[in-house]
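One-letter residues, chain by chain:
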Amino acid sequence: MDNDQQAPPPPPEAPDKEKMDQIRRRRLEKLAGTTTPKTEQSADSGNSASPSSTPAPSTPQNVPEPAPVVKINISKPAATPSTAAENPFAKLTSRSSNDTNTPTAVRVLETKSLKRSRAESDEQTTTPSTQPRKPAATPSTESLEDYTHRILGNIFRITLEPNVKVDGQGHRLIHLPNLRGELEEEGTPIRFSSDRLDSAILEAASSIPGNRSILDYLLPCWKRITKETKKLRGYVNGKDVVLKEAKRLCMSNCIFAVEMPELFSREPNPLTDSLTPYLLNEGGEDKGICPDFLVEAVSRFEEDDMVKGMLTKAVAGLSLQLSNMTMNDNYKPYIIALKQMSQFAPLLTAIAEDPLFQMATSAPGIEKHTLLGPFFRISPLQASVSKEYFLSPKTMHESSIRTAQEAMRLTLQAHQRDLLDIINLFVRASPSAKNKTLDWFAYIVNSNHKRRALRPDPAQLSSDGFLMNVTVVLDGLCEPFMDSTFSKVSRIEVDYLRRKPRVAIAEETKLNADQNASDEFYKTEVLGTSNFISEVFFLTLAAHHYGSEATNATLKNLDKDIKYLKGKLEEMEAERPNVAGNPFNLARFDETLKRYNEVLEKAMQQKFAIEGVVFDKQMQTKSILFMRYVTVWLLRVASKTDYTPDKTIKLPLTQEPEIFKFLPEYVLEDIVSNFNFVNRFIPDVMISAVGDEVMTLCITFLTNSDFIKNPYLKAKLVSLLFHGTWQVYHRKKGVLGDTLTGSKFANNYLLHALMKFYIEVESTGTHTQFYDKFNIRFEIFQVIKCIWDNDVYKQKLAQESKTNTEFFLRFVNLLLNDVTYVLDEALTKFPKIHDLEKELESLTLSEEDRKTKTDELKTAESQAESYMQLTNETVSMMKLFTKNLSASFTMPEIVDRVAAMLDYTLDTLVGPKSTDLKVKNPQRYKFDPRMLLSEFVDIYLNLGISDRFVEAVAGDGRSYKPSNFNAAARILGRFSLKSAQELEAWETLKNRIARAKELEDQDEGDLGEIPEEFEDPILATLMEDPVLLPISRAIVDRSTIRSHLLSDPLDPFNRAPLKIEDVIPQPGLKAKIMAWKVEMRAKAKQARADAKDSMDTTDG
């Protein structure tokens, strides 16, 4: 600039000199301690001369003196190590050790003065303002000073020339009049240098308008520094030092812009003083955060806590914004930003230690207000997202639903992979980050216990989508230690639960202990620290219980709700004609109908969305893998062995381990529920994922059922076996059937375990036990049918009847009870259905009567179908057993009951009342009377080889009728239900029974009236083997009391506990009975002979 020209005024965006001085003074006061004007130098500043001691540059006389420039002179502080160490600004911007080879003076940064004194400057013969401007040198020939001036101007887009508004590429430049004034006053060259760069950045950044972030200016500068650094090749002649200094100062000012904006004469503004919006940009963009920036920032953690604050606040900003978003929104940049920041372990530690990491006071608040919560909250189960995927659920075609669910799954899988990557980095960052992350997961599961309540309140709990993401991520954390050989299962420590565990189980129901015993047990703490595998194992187990299993329960409830709403809408539509004539009522009716439809659509959308999530094969494969580990671990705890699927367990187990009793019930419940759910809805996952441990689990705890208190939990073990026998693709016996049939372990223990539980479910201790037992026994029948083609099981049943007779008799007795009851209930429903169908055909019925009878018919039809299904299965099981074990079913204790049941059923099917069984659509109820008759005839023929059975049938005075046998023969022949050989066998059996009946009648006549002493007080029949009951002192027949005890373990006379082993034989009375029978039969025989002789004499 020529001396005869007055300097142009500074551009409006730059602050004036006085303001700059104020800014600097404030900045120095905050970061560098006390400042001293240069005119008040201390004695230690002798090397800094005052302006008056320096010759003033010559100026032409006709040019007025320029206005005095206000400047700040900072005295040089004492250069002691302690002073430098205490200066946070010096810490923040201190150079790396490799910069010491090129010393430069930088204001306070190196504890120098704000500007160099003339003594420290090169002597100038002319002022910079009068120096002619030199042409720019080419990069190959330019000096380091020229390079510094050029490159810093280009990087920071600043200029000292007021007339230069843009650079060569047309980029707008920021004019720095204050810095120029200082340089002019000092007589130094008007050019940028490293030691003046901090002042240049400060002045340039301070010129940014208040409604814009300073980072809008500084971040592109950072990118240009990085770009220039990458261009350096070979010998750089100190250029790298210039760029390093620029990089360091750029980062420092970025930190100040976020953490201390007042240093730039700005009021703090959370909208502009944050890295958050820049993290959402691509790293390669000018205003994006690149990895190099984060590397530099993280490298300063040890020097300055402000850097941590800047970055953790940026993550908090990401979290806050994401908390108001759904999967419909552009959430991906937030995930990418967090993943990028997660590459730096110190940063993750800082995030985990931030108070906001776990700042929430409620279950719903976790996913909104903790730092990671909003990232896990993103899910297709959010209401607005499910609505987007299933816009018109009532009219969507099934294929469209499946397509939408698959698209939803792909999006969710990608999101969950990102979440797992992030959490993996957190737990590996540092011990502190790992523990804080585990604490966060524990906080989640512990705050959501009520998700397993009968009627959970969604408003008070975390959402399904959030907890599903948590469960999947925890499954992923377990993956590294879940190998196929179970080599690390021994690392899972059961004592974890007694070491102040993160997972709260105090209020959970225990496997085999009450609350008081549990509280007492867990009072005793076990010393030691649990390993990471144990921590993650129990957290994942809890996450399944409160997460995925609770979501499965939600799906089940939605099915019920949808069914109810559809029924309600049908009823309402049927009522439309009643309100059609009244516009007001019709409008209200339509409004109500609309509300119901909206609720229905919302329920259907939620259902389809949940199905899309939980039917994910990839996710459920990992879930099954985890549950396999839980299964093996639980069997090891219960058996006190090192069990793995390639080993076996000897049953029954001995004494129950104490720790096993106090495990949460959901340890076993979640295994069974998870396997049952997957096997029912996505069974192909089970084919490749399940080993022998599932079969072993079920058989072990059905055999040792006393290890588990909850009867319904034991029943779920049967359900698991039952579902495992369902056909899946080419596997006709399902995923477990072949194993149950061929496994040696199953061959040894399965049948006994099923029979044992069949007996136990007679009494479950609940108000629904009567109906529950039929459902459980139905499933037991299905499993037995699946395995019955293996002769080993037939041999096992025969062995049970001989070596464990009491056990076997109890089983058969209950089987007979079931057949009798369900058959009677089913067959008595058909006459009622028959009558109701006839009545509804009448045209004279009133509307109210028709509705009442229609409801009655629906109820009767539903009951008939249920009972008939149970009847068919129970009769089928009887047929299987009697075919191979006829002798076992004709034992004295039960043969009379078997015969009575068969005779009663035959009379119902072919007797005079059989016409009442005719209904319009018997197939609807699974009722095929001809097939049922054929099944019962098979049972007759199976047992007919026993004379004791033939005598029992003949002796059934209540239901045996020869005409029924004749009618059955006619039906069998007419409809070709049996072969000629079978019909012949039926005819032979019929004749044998008829002959036995004749003998029975004759013997009854021979004996005459039974003496009271010989009569059984319960059945009023002649005793064969009298025994004395020890407490009531009553005498009954052994077969009578044994049959009674099969159903009721109490003395029938005084209700005292009684076992068959306790009865006392009465040999004397038995001998008297036998003698009386011989005597009476002899008398009768003699009487017949005398009568015959008398007839012969008369004839003669």
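Note that the coordinates shown come from a computational prediction; the quantities given were computed from them, not determined experimentally. (Residues numbered from 1 in each chain as written. Predicted model: local features only at pLDDT ≥ 70, side-chain atom pairs only at ≥ 80, totals over all residues. Heavy atoms only, no water.)

**Re the overall build of the chain**
This is how the line gets drawn: Elements are defined by DSSP. Helices are runs of H or I of four residues or more, strands are runs of E of two residues or more, and each kind is numbered from the N terminus. Three exposure classes are used, based on accessible area relative to the maximum for each residue type with a 1.4 Å probe and protein chains only: buried under 20%, partly exposed in between, and exposed over 50%. Every residue pair with non-hydrogen atoms within 4.5 Å of one another is taken to be in contact. Surface accessibility follows the Shrake-Rupley procedure with a 1.4 Å probe radius. Residue values consider only the protein chains on display as shielding.
In terms of helices and strands, the chain carries 42 helices and five strands. Across the 1100 residues in the chain, those meeting the buried criterion constitute 51%. Considering only contacts in the chain between residues 6 or more positions apart, those separated by 24 or more positions represent 75%. Per element, the accessible surface of the chain, about 51,800 Å² overall, is 52% carbon and sulfur.

**As for the side chain of Asp-464**
Tracing the chain through its elements places Asp-464 in helix α19 (residues 464–478). In contact with Asp-464, not counting residues within four places along its chain, are Leu-381, Arg-451, Thr-551, Thr-554, Gln-606 and Ile-610.

**Points about the sheet that holds strand β5 (residues 1064–1065)**
Quick reminder of the rule: Think of it this way: DSSP has to see at least two bridges between two strands before they count as a pair. Here the axes come from fitting lines to C-alpha atoms, over the contacting stretch only for helices, and the angles between their N-to-C directions go from 0 to 180 degrees.
The antiparallel open sheet is built from three strands, whose spatial order is β4-β3-β5. With partners counted over all chains shown, the strands left at the sheet margins are β4 (1035–1037) and β5, one partner each. Against the sheet, helix α41 (residues 1038–1047) touches β3 (1026–1028), β4 and β5, its axis set at about 85° to β4.

**Considerations on the side chain of Glu-296**
Basically, it comes down to this: Here a polar contact is taken to be a pair of N or O atoms separated by no more than 3.5 Å, where protein atoms must pair a possible hydrogen donor with a possible acceptor and residues adjacent in sequence count only if both atoms sit in side chains.
Mapped onto the elements of the fold, Glu-296 is located in helix α10 (residues 291–299). A distance of 3.3 Å separates polar atoms of two side chains, one belonging to Glu-296 and the other to Arg-300.

**Some details on the packing of aromatic side chains**
As a reminder of what qualifies: For Phe, Tyr and Trp, rings pair up if their centres lie within 6.5 Å, where Trp contributes its six-membered ring, and each pair is then called stacked (planes under 30 degrees apart), edge-to-face (over 60) or tilted (otherwise). Any Lys NZ or Arg CZ found within 6 Å of a ring centre and within 35 degrees of that ring's normal is scored as a charge over the ring.
In the structure shown here, the tally under the stated rule is 43 aromatic pairs. A centroid spacing of 5.5 Å and a plane angle of 75° characterise the contact between Tyr-940 and Trp-986, whose relative ring orientation is edge-to-face. On the criterion of sequence distance, the pair formed by Tyr-940 in helix α37 (residues 929–943) and Trp-986 in helix α40 (residues 980–1007) is long-range, its members being 46 residues apart. Neither Tyr-940 nor Trp-986 differs from the other in exposure class; each is buried. Through a chain of ring-to-ring contacts, the aromatic side chains of Tyr-758, Phe-781, Trp-788, Phe-808, Phe-811, Phe-881 and Phe-889 assemble into a single cluster. The side chain of Lys-239 reaches across the aromatic face of Tyr-147, ending 4.8 Å from its centre. Just above the ring of Phe-521 sits the side chain of Arg-498; from NZ or CZ to the centre is 4.0 Å.

**Comments concerning helix α38 (residues 947–954)**
By the burial criterion, the buried members of α38 are Phe-949, Val-950, Ala-952, Val-953 and Ala-954. Contact partners of the buried residues in α38: α36 (892–910), α37, α39 (962–974) and α40. Between a side-chain oxygen at the N-terminus of α38 and the backbone nitrogen of Arg-948 the separation is 3.3 Å; the capping residue is Ser-946.

**Considering the packing of helix α8 (residues 239–259) against helix α11 (residues 305–322)**
How we decide: Note on convention: the crossing is left-handed when the near helix lies turned anticlockwise from the far helix by less than a right angle, right-handed when the turn is clockwise. Residues are grouped as follows: nonpolar covers Ala, Val, Leu, Ile, Met, Phe, Trp, Tyr, Cys and Pro; charged covers Asp, Glu, Lys and Arg; every other residue, Gly included, is treated as polar.
Look at α8 against α11: their axes get within 10 Å of each other, and the N-to-C directions meet at 65°. Between α8 and α11 the crossing geometry is left-handed. Here α8 contributes Cys-254, Ile-255, Phe-256, Val-258 and Glu-259 to the contact with α11, which in turn contributes Met-306, Val-307, Gly-309, Met-310 and Lys-313. Taken together, the residues of the contact of α8 with α11 break down into seven nonpolar, one polar and two charged.

**Brief notes about the pattern of salt bridges**
We apply this condition: A side-chain nitrogen of Lys or Arg and a carboxyl oxygen of Asp or Glu constitute a salt bridge if their distance falls within 4 Å.
Counted under the stated rule, the structure contains 61 salt bridges. The closest approach of N and O atoms between Arg-502 and Asp-439, which form a salt bridge, is 2.6 Å. Taken together, the residues span a long stretch of sequence, with Arg-502 in the loop between α19 and α20 (515–523) and Asp-439 in helix α18 (residues 431–446) at a distance of 63 residues. According to the relative accessible area criterion, Asp-439 is partly exposed, its value standing at 31%. When the shortest N-O distance is used, the salt bridge between Glu-806 and Arg-1042 registers 2.6 Å. Taken as a pair, Glu-806 in helix α34 (residues 805–840) and Arg-1042 in helix α41 lie far apart in primary sequence, 236 residues in all.

**Some thoughts on the packing of helix α35 (residues 847–884) against α37**
Test applied: Should an angle fall under 35 degrees it is called roughly parallel, over 145 degrees roughly antiparallel, and 65 to 115 degrees roughly perpendicular, with every other angle called oblique.
Where α35 meets α37, the closest approach of the two axes is 9 Å, and the angle between their N-to-C directions is 25°. Comparing the axis directions of α35 and α37 gives the class roughly parallel. In terms of crossing hand, the pair formed by α35 and α37 is left-handed. Taking contact as the criterion, the partners of Met-868, Thr-871, Asn-872, Val-875, Ser-876, Met-878, Lys-879, Thr-882 and Lys-883 in α35 are, on α37, Leu-932, Glu-935, Phe-936, Asp-938, Ile-939, Asn-942 and Leu-943. Residues of the contact of α35 with α37, tallied by class, amount to seven nonpolar, five polar and four charged.

**Some points on α11**
Every α-helix carries 3.6 residues per turn, so stepping three or four residues along brings you back to the same face. Operational definition: Residue count minus one, scaled by 1.5 Å, sets the expected span of a helix.
Over its 18 residues, α11 extends 26 Å from the first C-alpha to the last, a length consistent with the 26 Å expected when each residue adds 1.5 Å. Most of α11 sits inside the fold, with 13 of its 18 residues counted as buried. Structurally, the start of α11 carries an N-cap: the backbone nitrogen of Met-306 is 2.8 Å from a side-chain oxygen of Asp-304.

**Some remarks on the nonpolar core**
Note the threshold: We define the nonpolar core as a collection of buried residues of types Ala, Val, Leu, Ile, Met, Phe, Trp, Tyr and Cys that are connected through side-chain atoms lying within 4.5 Å of one another.
Counting residues in each nonpolar core, the largest one holds 297 residues, and the members touching the most others are Phe-156, Leu-311, Phe-441 and Trp-633. For this core, the element with the highest residue contribution is α34, accounting for 17 residues. For Phe-156, the contacting residues outside a window of four places in its chain are Leu-197, Ile-201, Tyr-217, Cys-221, Ile-225, Ala-246 and Cys-250.

**Quick look at the environment of Trp-986**
The exposure class of Trp-986 is buried, given its relative accessible area of 0%. C-alpha separation for the pair Trp-986 and Gly-944, spaced 42 residues apart in sequence, amounts to 9.2 Å.

**Quick notes on unusual backbone geometry**
Note the cis peptide between Leu-651 and Pro-652, where omega equals -5°. Mapping Pro-652 onto the fold places it in the loop between α24 (617–639) and α25 (658–661). Residue Asn-237 is not a glycine yet carries a positive backbone phi of 55°. Looking at the secondary structure, you find Asn-237 in the loop between α7 (215–231) and α8. On the basis of relative accessibility, which here comes to 38%, the residue Asn-237 falls in the partly exposed class.

**Side note on the environment of Ala-603**
Looking at the secondary structure, you find Ala-603 in helix α23 (residues 583–614). As for Ala-603 and Leu-565, which are separated by 38 residues in sequence, their C-alpha atoms are 9.4 Å apart. Those residues in contact with Ala-603 that sit more than four places away from it in its chain are Leu-558 and Ile-562.

**Overview of the confidence of the model for the chain**
Regions with low pLDDT should not have their predicted coordinates read in detail. As a reminder of what qualifies: Confidence of the predictor at the level of single residues is captured by pLDDT, which takes values from 0 to 100.
For the chain, per-residue confidence averages 85 on the pLDDT scale, and 87% of positions sit at 70 or higher. When the elements of the chain are averaged for pLDDT, helix α2 (residues 81–86) gives the smallest value, 36, and α19 the largest, 98. Below pLDDT 50 for its whole length, residues 1–15 participates in 29 contacts with residues either more than four positions away or in separate chains. For residues 30–137, every residue scores under 50 in pLDDT, and the model assigns this stretch 158 contacts once sequence neighbours within four places are set aside.

**Some points on the environment of Ala-550**
By the element assignment, Ala-550 lies in helix α21 (residues 532–574). With a relative accessible area of 3%, Ala-550 lands in the buried category. Once residues within four sequence positions are removed from consideration, Ala-550 is found in contact with Arg-451, Arg-452, His-544 and His-545.

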